Amino acid sequence: MSNYQGDDAEYMEDVDDEMDEDDLDEDFRGDDMAVSDSDVDEFDYSNNKIADTSADQARKGKDIQGIPWDRLSITREKYRQTRLEQYKNYENVPNSGESSGKDCMATQKGALFYDFWRNTRSIKSSILHFQLRNLVWATSKHDVYLMSQYLVSHYSTLTSGKHEVLNVQGHVSPSEKHPGSLLEGFTKTQVSTLAVRDKFLVAGGFQGELICKHLDRPGVSYCSRTTYDDNAITNAIEIYNKPSGALHFTASNNDCGVRDFDMERYQLVNHFRFPWPVNHTSLSPDGKLLTIVGDNPEGLLVEPNTGKTLATLSGHLDFSFASAWHPDGFTFSTGNQDKTCRVWDIRNLSKSVAVLRGNLGAIRSIRYTSDGKYMAMAEPADFVHVYDVSNGYETEQEIDFFGEISGISFSPDTEALFIGVWDRTYGSLIEYGRRHNYSYLDSFL
């Protein structure tokens, strides 16, 4: 991935400038937004908080993000067209986004698999590196964890309440003693990536920091630094269980390393090196194959216990930052800066099963539902695509909004889909609920 100090700041400045060039410069982000007397009020004065948007309000015509288009000098349709024309997709390989279009399959849009449920604007997710978008995780349909500046917060959809889980702005050190743990801890950690599964959380930092916390215990359990190299950014973390049930996590780093940690013994058990920085890894459901993607158009399929390369994945034209396995253990997907997501089948890796294309830019995050019915892929901003896997990815629901995407997450029971939106004015957490064929029960809710 790109070096943080240079390309990141420059790119994010370009994105901000690009949005400010539009007619929404003042109307979209200005102070006048707080004095609306329409149904799209920005502020709930009775509760002294920013107003959220409910499913009922959206059905009655309110914009899901609370944007008062009727008071602006530009329509939503016009602004969408402007965004499509002006948004700058970051590429490491010039023109990769344009060149990838010829392989993409045509999909049928307009499907509705998940219904809009709520937009919560009191929850402000954030992004610290523009290429890393795995900062939102759901552990149930009611529990979401996300990064907001220097805080990891928990949000409950049941109570609409949030609380601080981990504060890394000051000094963080482990409260438990384990061999190899850095007892001195870290100060003011810049969290680049996050993973939460069940009751375990791992935050990765720009200097190779790893902070591990059991959510049912007080304090931090374990701190480690993967490397002291300058190019040390932790790009991705995956938490998983061994067949024995032992808790492990894998860290992908910019120093070309993939490290596997055993959290039963709190030890590093494997360290593999590859020819290029590794941006993401994902382990197959049976634990026998590991996908490796990074700063190379080709991806790898490796043996997770030895790091031996078993196959090369050819087809993408730029660097990849996302991967995910289907629960069937045969197919998996990779997301790339060439604006495509490629679906692969281990039984025939000579070509992709499907090539799916985004609208604006790179595919930065991919998730499958636990039942394998749907796959979601997130672009850097504005669009999350949900595909019907059982229909060969031919039909999709396109979720359309405005703002950079900090992460996406299905709940483990597949009932909810959460989207973190990073924006100076309209940053929020958007929640969708899985559509079922018993909508007649809504009358009893």
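Criteria and thresholds
- Residues numbered from 1 in each chain as written.
- Predicted model: local features only at pLDDT ≥ 70, side-chain atom pairs only at ≥ 80, totals over all residues.
- Heavy atoms only, no water.
- Helix = DSSP H or I, 4+ residues; strand = E, 2+ residues; numbered from the N terminus.
- Buried < 20%, exposed > 50% of the residue type's maximum accessible area, 1.4 Å probe, protein only.
- Contact = heavy atoms within 4.5 Å.
- Areas by Shrake-Rupley, 256 points an atom, 1.4 Å probe, with all protein chains shown as cover.
- 1 Å grid on protein atoms, 1.4 Å probe; cavity = no way out; pocket = protein on both sides within 12 Å on 5 of 7 lines; lining within 4 Å.
- Points joined across faces, edges and corners; volume = space filled by probe spheres on them.
- Nonpolar A, V, L, I, M, F, W, Y, C, P; charged D, E, K, R; others polar.
- Phe/Tyr/Trp six-rings, centres within 6.5 Å; stacked < 30°, edge-to-face > 60°.
- Lys NZ or Arg CZ within 6 Å of the ring centre and 35° of its normal.
- Pairing = 2+ DSSP bridges.
- Axes fitted to C-alpha atoms, helices over the stretch in contact; angles between N-to-C directions.
- Arc of directions from axis to C-beta.
- Salt bridge = Lys/Arg side-chain N within 4 Å of Asp/Glu carboxyl O.
- Core = buried A, V, L, I, M, F, W, Y, C linked by side-chain atoms within 4.5 Å.

For the chain, an unreviewed UniProt entry supplies the name WD-40 repeat family protein and the organism Arabidopsis lyrata subsp. lyrata.

Trainee: Would you mind showing me how to read the overall build of the chain here?
Mentor: Each helix and strand in the chain was counted, giving five helices and 33 strands. When the 445 residues of the chain are sorted by exposure, 58% land in the buried category. Considering only contacts in the chain between residues 6 or more positions apart, those separated by 24 or more positions represent 52%. Counting every atom, the chain has about 18500 Å² of accessible surface; 47% of that belongs to carbon and sulfur.

Trainee: Just checking my understanding: could you explain empty space enclosed by the protein for this structure?
Mentor: A full pass over the atoms with the stated rule returns one cavity of 30 Å³ or more. Considering only enclosed or pocket space, the largest cavity measures out at about 40 Å³ in volume. Lining the largest cavity, in full, are Val293, Pro297, Glu298, Gly299, Leu313, His316, Ser320, Thr334 and Trp344. The leading source of residues in the lining of the largest cavity is strand S22 (residues 296–302), at three residues. Tallied by class, residues from the lining of the largest cavity come to four nonpolar, four polar and one charged.

Trainee: Which parts of the structure should I look at to understand the packing of aromatic side chains?
Mentor: Throughout the structure, instances matching the rule amount to 13 aromatic pairs. Ring plane angle 70 degrees and centroid distance 4.7 Å describe the contact between tyrosine 90 and phenylalanine 130, whose orientation is recorded as edge-to-face. Taken together, the residues span a long stretch of sequence, with tyrosine 90 in the loop between helix H4 (76–86) and helix H5 (96–99) and phenylalanine 130 in the loop between strand S5 (114–120) and strand S6 (136–140) at a distance of 40 residues. A network of ring pairs unites the aromatic residues Phe113, Tyr114, Tyr374 and Phe410 as a single cluster. One Lys or Arg, arginine 364, reaches over the ring of phenylalanine 321 and ends 4.9 Å from the middle of that ring.

Trainee: Explain the sheet that holds strand S15 (residues 222–225) here, please?
Mentor: What links the strands of a sheet is backbone hydrogen bonding, and the strands pair in either a parallel or an antiparallel sense. The antiparallel open sheet is built from four strands, whose spatial order is S12-S13-S14-S15. The outermost strands of the open sheet, each flanked by one partner alone, are strand S12 (191–197) and S15. Taken over all neighbouring pairs, the strand axes of this sheet differ in orientation by 15 degrees on average, direction set aside. Where S12 lies against strand S13 (residues 200–205), six bridges are found, and the strand directions are antiparallel. Considered in S13, the bridge of valine 196 is made with leucine 201.

Trainee: What am I meant to see in the sheet that holds strand S16 (residues 234–241) here?
Mentor: Reading across the sheet, the four strands line up as S16-S17-S18-S19 and stay open at both edges, with antiparallel pairing between neighbours. A strand with exactly one partner marks an edge of an open sheet, and here the two such strands are S16 and strand S19 (267–273). Averaged over all pairs of adjacent strands, the angle between strand axes in this sheet comes to 20 degrees, irrespective of strand direction.

Trainee: I keep staring at H4 and nothing clicks. Help me out?
Mentor: An α-helical segment advances 3.6 residues per turn. Residues three or four places apart therefore align on the same side. Every buried residue of H4 is listed here: Tyr79, Arg80, Thr82 and Arg83. Buried residues of H4 fall within an arc of 160 degrees about the axis and therefore sit on the same side. For H4, exposure combined with an orientation more than 90 degrees from the buried face picks out Glu77 and Glu85.

Trainee: Teacher, can you tell me more about the pattern of salt bridges here?
Mentor: As a working rule, side chains carrying opposite charge can pair if their charged atoms are close by. If you walk through the whole model with that rule in mind, you get 18 salt bridges. Ionic pairing is found between aspartate 382 and arginine 80, a salt bridge with its closest N-O pair at 2.7 Å. Of the two residues, aspartate 382 is situated in strand S30 (residues 381–388) and arginine 80 in helix H4; the sequence distance between them amounts to 302 residues. A residue is classified by how much of its surface remains accessible, and aspartate 382, at 0% relative accessible area, is buried. Two residues, aspartate 262 and arginine 265, come together in a salt bridge whose shortest N-O distance is 2.9 Å. Under the relative-accessibility criterion, aspartate 262 is labelled buried at 6%. Classification of arginine 265 as partly exposed rests on a relative accessible area of 47%.

Trainee: Before we go on, may I ask you to explain the nonpolar core in this structure?
Mentor: Soluble globular proteins: nonpolar side chains tend toward being buried together. Of all hydrophobic cores here, the largest spans 33 residues; its most connected members are Phe249 and Met263. Every element with two or more residues in this core is listed here: strand S7 (143–148), strand S9 (161–167), S12, S13, strand S14 (209–214), S15, S16 and strand S17 (247–253). Discounting chain neighbours no more than four positions away, the residues touching phenylalanine 249 are Phe200, Val202, Leu210, Cys212, Ile237, Glu238, Ile239, Tyr240, Arg259, Asp260, Phe261 and Met263. Core analysis: the next-biggest nonpolar cluster, separate from the first, contains 19 residues, Ala378, Val384, Phe410 and Ile430 among them.

Trainee: Could you clarify how one ought to interpret the layout of surface pockets in this entry?
Mentor: Over the atoms a probe the size of a water molecule is rolled, and this reveals where empty space is left. The computed volume of the largest pocket comes to approximately 1200 Å³. The wall of the largest pocket is formed by 45 residues, among which Arg197, Glu238, Ile239, Tyr240 and Leu283 lie closest to the centre. Residue contributions to the lining of the largest pocket peak at five residues, all from S16. Residues of the lining of the largest pocket, tallied by class, amount to 21 nonpolar, 16 polar and eight charged.

Trainee: Honestly, unusual backbone geometry in this entry has me stumped. Any pointers?
Mentor: The phi torsion of most residues other than glycine is negative, and most of the peptide bonds are trans. Positive phi values are uncommon outside glycine, yet aspartate 198 reaches one of about 55 degrees. We classify aspartate 198 as exposed; its relative accessible area is 52%. Of note, lysine 339 is a non-glycine position whose phi angle comes to about 75 degrees, a positive value. When you line up the elements, lysine 339 lands in the loop between strand S25 (331–336) and strand S26 (340–345). The exposure class of lysine 339 is buried, given its relative accessible area of 16%.

Trainee: Please explain the side chain of threonine 189 as it appears in this structure.
Mentor: Relative to the elements of secondary structure, threonine 189 occurs in the loop between strand S11 (186–187) and S12. A residue is classified by how much of its surface remains accessible, and threonine 189, at 2% relative accessible area, is buried. If sequence neighbours within four positions are ignored, threonine 189 has contacts with Tyr150, Val168, Gly205, Glu209 and Ile211.

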